[in-house]
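Report on the structure
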Amino acid sequence: MSLFGKKSPDKTVLILDIENGSVGSALAKLSPGQAPRLFGESRTQVPVFDTRSALQLARAVEHAASESLLQASETAARLRNHASTAGPVSQVVVFLAAPWGVPNLSVGRPDFSQVLTDVLAPRIAALFGDVPVAQHAHMSAAVHGLRALYPDHPQSLLLSINGEVSELLLLEDDRAVAHTTAPVGLHTVLRTLKSHAGLSEHEARSALKLGSSSEALEAAAAHFAGEFKEAARDILPEQGSPAVFVLAHEPAAEWFARSLAHRSLADLFPQGGIVRTLRGAHAAPYISGASDIHLALNALYASAAHA
C-alpha cells in the first residue's frame, strides 16, 4: 500500500467471551456494510468441581481465559499476513457474564468487577501489544442479538444459562426492565447426575445430549425449574406471559428449554407461553463462519459498535 494510500475501513478484533462455565474466543473481521466474519473459534471448558467455591471458580476461569488468549494469539499469528481473511488484531473486546459483568438498569450501564480483567490485562498486552481493550456485559450482547433475530416479540424473557450462574432479563417494548440471577446452571445439573446416578462428567453430558428419561435427570430438571421459578417470580409481569428465549451451549440448550415445561412452573405462566432456544444456525444470516451462538452474538454486538 502506498504511504499516502487510503486506510482500509476493515478491522480485526479479538472476541473474548468470559462466562462462569467456559471461556470462548474468536477473531472477528468487521467491515462496514457487511456481516462480521469469525475465524478460529475456540472454547475452553471450566472443570466441574464437586462443590461450589467462588475462589476456585475465579481461578479456573482465569486459567481458561489465559488458555483462550494464547490460542487466539496463535490463530492471529497464522492469519496476520492474510488481509483477505483477518488482519492484525487492532482491539480486544471482552464480554463478561455474571458475576463479573451484570446489567445495572437503574443507571443504564453494566457493573463490572475489575479483578479478573486486571489480571488478564498484562497477558493481553504481552500477546497482542498495546491495543485498546473494551469490555461489555454478556447480557448486552445477548439482548442485542435477541432483538436482531426476533424483533416481533415486544415482551420476552431472556434466560442465559452458564455453568454456575444463570441470568434472567425481562424485555418489554424492546426495553430492558428487570434483571436477576439464579444460582443454577449446567454444572449444577452435571453434579446432580454424577452424585445421584454415579455418572462420570462425560456420561452426564451425554445423558443431557440424548435427553433420555431417568430419575436423576428428572431430579435435575425439578431442581433447575425450582431455582428458575424463585428468580423469575420477582421480575415477571403481573399480566401476560412473555416468550422465553433460552441461551445455552449445545447440546444442553434443548434440555433446559424442555425443563421449563415442568409442572411446578404452571402457575408462573398461567396463560401458557412460548419457549425457544437461540442457536448458532439462527444467527447464520447475520454473521459468517460462526457455530458458537455466544461468540456469534458477541461479534454482532461488536460490529454494531464499530459501525
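Look above for the structure.
These notes cover the structure that comes with them. For clarity, every value in this text was computed on a predicted model and none was experimentally measured.

1. Thoughts on the layout of surface pockets
- Each pocket or cavity is described by its volume, and for the largest pocket that value is around 360 Å³.
- Leu186, Ala248, His249, Glu250 and Pro251 are, among the 25 residues lining the largest pocket, the residues nearest its centre.
- Residues that form the lining of the largest pocket fall into these classes: nine nonpolar, ten polar and six charged.

2. Things to note about the packing of helix H1 (residues 54–79) against helix H2 (residues 114–128)
- Close contact between H1 and H2 brings their axes to 10 Å; oriented N to C, the two are set at 20°. On the basis of the axis angle, H1 is roughly parallel to H2. Every pair of crossing elements has a handedness; the one defined by H1 and H2 is right-handed. In this structure, H1 contributes Val61, Glu62, Ala65, Ser66, Leu69, Leu70, Ala72, Ser73 and Ala76 to the contact, and H2 contributes Leu116, Val119, Leu120, Arg123, Ile124, Leu127 and Phe128.
- Looking at the contact of H1 with H2, its residues break down into twelve nonpolar, two polar and two charged.

3. Notes on the sheet that holds strand E10 (residues 175–182)
- Pairing is mixed in the open sheet, where five strands are placed in the order E10-E9-E8-E11-E12. The two strands at the open ends of the sheet, each matched to only one other strand, are E10 and strand E12 (275–277). Mean inter-strand twist for the sheet, computed between neighbouring axes without regard to direction, equals 20°.
- Where strand E8 (residues 155–161) meets strand E11 (residues 243–247), five bridges bridge the pair, whose relative direction is parallel. Bridge pairing in E11 links serine 156 to alanine 243.
- Its contacts with the sheet put helix H3 (residues 138–149) on E8, strand E9 (166–172), E10 and E11, and the angle it makes with E9 is roughly 45°.

Each value, and the rule that gives it
Residues numbered from 1 in each chain as written. Predicted model: local features only at pLDDT ≥ 70, side-chain atom pairs only at ≥ 80, totals over all residues. Heavy atoms only, no water. 1 Å grid on protein atoms, 1.4 Å probe; cavity = no way out; pocket = protein on both sides within 12 Å on 5 of 7 lines; lining within 4 Å. Points joined across faces, edges and corners; volume = space filled by probe spheres on them. Nonpolar A, V, L, I, M, F, W, Y, C, P; charged D, E, K, R; others polar. Axes fitted to C-alpha atoms, helices over the stretch in contact; angles between N-to-C directions. Helix = DSSP H or I, 4+ residues; strand = E, 2+ residues; numbered from the N terminus. Parallel < 35°, antiparallel > 145°, perpendicular 65-115°, else oblique. Left-handed = near helix turned anticlockwise from the far one by under 90°. Contact = heavy atoms within 4.5 Å. Pairing = 2+ DSSP bridges.

So far we have only geometry, and geometry alone does not tell us how the molecule works.
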